[in-house]
Amino acid sequence: SQQGEEDPQALSIQEGENATMNCSYKTSINNLQWYRQNSGRGLVHLILIRSNEREKHSGRLRVTLDTSKKSSSLLITASRAADTASYFCATDGRSGNTGKLIFGQGTTLQVKP
Amino acid sequence: DVKVTQSSRYLVKRTGEKVFLECVQDMDHENMFWYRQDPGLGLRLIYFSYDVKMKEKGDIPEGYSVSREKKERFSLILESASTNQTSMYLCASNGAGGPYEQYFGPGTRLTVT
């Protein structure tokens, strides 16, 4: 079952520009996470935001969460060619202690040098 | 440095073969997961395990089984491989108690001919 839906599906920008990706979800959550996947590799955790937080920063990453709209956004500032990857949001959907996450379909980001 | 390893990066099998995909984690995590990833469909959960010898079906368990005899190892079994099981398979793990960041292996790209 799909919980998170990312928008846009694909994004192409020039190096130095900012990239914004959005995620919508359907059920109540305890937290929302963002992951990155380089082509043909496993996913790497980027950042987690709890349901009682509205904004979180990590380096060039800024994540916002609006639980009233069931949506989140990931902003990558001053993008670099190395940021080219797919980005996924994932929610726990209040899954208790199973540790299960539900992933969206991802946004593919291309940063042109 | 945390690590999740998968037995093969690339695997080619014939229709009808029994296929074993192995995943090992060195973080003493209670929870382990198997996903498959297909273009346009994101990550879909096949099975997960929250303890040794415990397993639960995910969203797409048909055609798969799993085994967890030791805490660090979680195996995915394709009893009789079919061409529609050609996919990228990702293993992940996390600890009990939250906040449930998942650590992923590098993935196994399986081709069934």
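As a reminder, the structure under discussion sits directly above these lines.
Here, residues in each chain are numbered from 1, in the same order as that chain's written sequence. In the order they appear in the text, chains get letters beginning with A and ligands get numbers beginning with 1. Predicted model: local features are reported for residues with pLDDT of at least 70 only, side-chain atom pairs are reported and counted for 80 or more only, and whole-chain, interface and lining totals are derived from all residues. To get the side-chain values, take all heavy atoms of the structure and skip hydrogens and water.

Asks: In this structure, what is going on with the overall build of chain B? I would like to understand it.
Replies: Per the convention used, a helix needs a DSSP run of H or I reaching at least four residues, while a strand needs a run of E reaching at least two, with both numbered from the N terminus. Check the secondary structure of chain B and you find zero helices and 11 strands. Walking chain B from its N terminus toward its C terminus, one meets helices and strands in the order β-β-β-β-β-β-β-β-β-β-β. Counting only C-alpha atoms and orienting by the principal axes, one finds that chain B spans roughly 40 × 25 × 25 Å. Considering only contacts within chain B whose residues lie at least 6 apart along the sequence, 55% involve residues at least 24 apart. Here the Shrake-Rupley method, with its probe set to 1.4 Å, supplies the accessible areas, and only the displayed protein chains count as covering residues. Accessible surface for chain B amounts to roughly 5,300 Å². Of this, 49% is attributable to carbon and sulfur atoms. The sign given to each residue is positive for Lys and Arg and negative for Asp and Glu; His and the chain ends receive no count. Just so you know, the charge point we use is NZ for Lys, CZ for Arg, CG for Asp and CD for Glu. Side-chain charges of chain B comprise 15 positive and 15 negative groups, with the mean position of each set lying 6 Å from the other. Contact definition: two residues touch when any of their heavy atoms are within 4.5 Å.

Asks: Hey, could you run me through the interface of chain B and chain A in this one?
Replies: Taken together, the contacts link 22 residues of chain B with 23 residues of chain A. Roughly 1,900 Å² of surface becomes buried between chain B and chain A when both sides are summed, with 52% attributable to carbon and sulfur atoms. The rule for a salt bridge is simple: a side-chain nitrogen of Lys or Arg has to be within 4 Å of a carboxyl oxygen of Asp or Glu. Our count for the contact surface shared by chain B and chain A stands at zero salt bridges. We define a polar contact as two N or O atoms separated by no more than 3.5 Å, with the added condition that, inside protein, one atom must be a possible hydrogen donor and the other a possible acceptor, whereas residues neighbouring each other in sequence contribute only through side-chain atom pairs. Viewed at the interface, chain A and chain B are joined by six residue pairs in polar contact (both at pLDDT 80 or more). If you list the elements that add at least two residues to the side of chain B that touches chain A, you get strand E4 (31-38), strand E5 (42-51) and strand E9 (87-94) of chain B. Along the lines of polarity and charge, the residues of the side of chain B that touches chain A split into 12 nonpolar, seven polar and three charged. A quick way to say it: buried area is the sum, across both parts, of accessible area lost when two parts are put together, with a 1.4 Å probe. All amino acids are sorted into three groups, where Ala, Val, Leu, Ile, Met, Phe, Trp, Tyr, Cys and Pro are nonpolar, Asp, Glu, Lys and Arg are charged, and the leftover types, Gly among them, are polar.

Asks: What should I look at first to understand the sheet that holds strand E1 (residues 5-7) of chain A in this one?
Replies: Where strands meet in a sheet, backbone hydrogen bonds hold them as pairs that are either parallel or antiparallel. All names here are of chain A. For two strands to be treated as a pair, DSSP must find no fewer than two bridges joining them. Pairing within the open sheet is antiparallel, and its five strands lie in the order E1-E3-E8-E7-E6. At either end of the open sheet lies a strand with only one pairing partner, and these are E1 and strand E6 (55-58). Sheet twist, expressed as the average angle between the axes of neighbouring strands with direction ignored, equals 20°. Where strand E7 (residues 61-66) lies against strand E8 (residues 71-76), six bridges are found, and the strand directions are antiparallel. Across the sheet, the residue bridging to Thr64 is Ser73, located in E8. Each axis is a line fitted through C-alpha atoms, taken for helices only over the stretch in contact, and angles between the N-to-C directions span 0 to 180 degrees.

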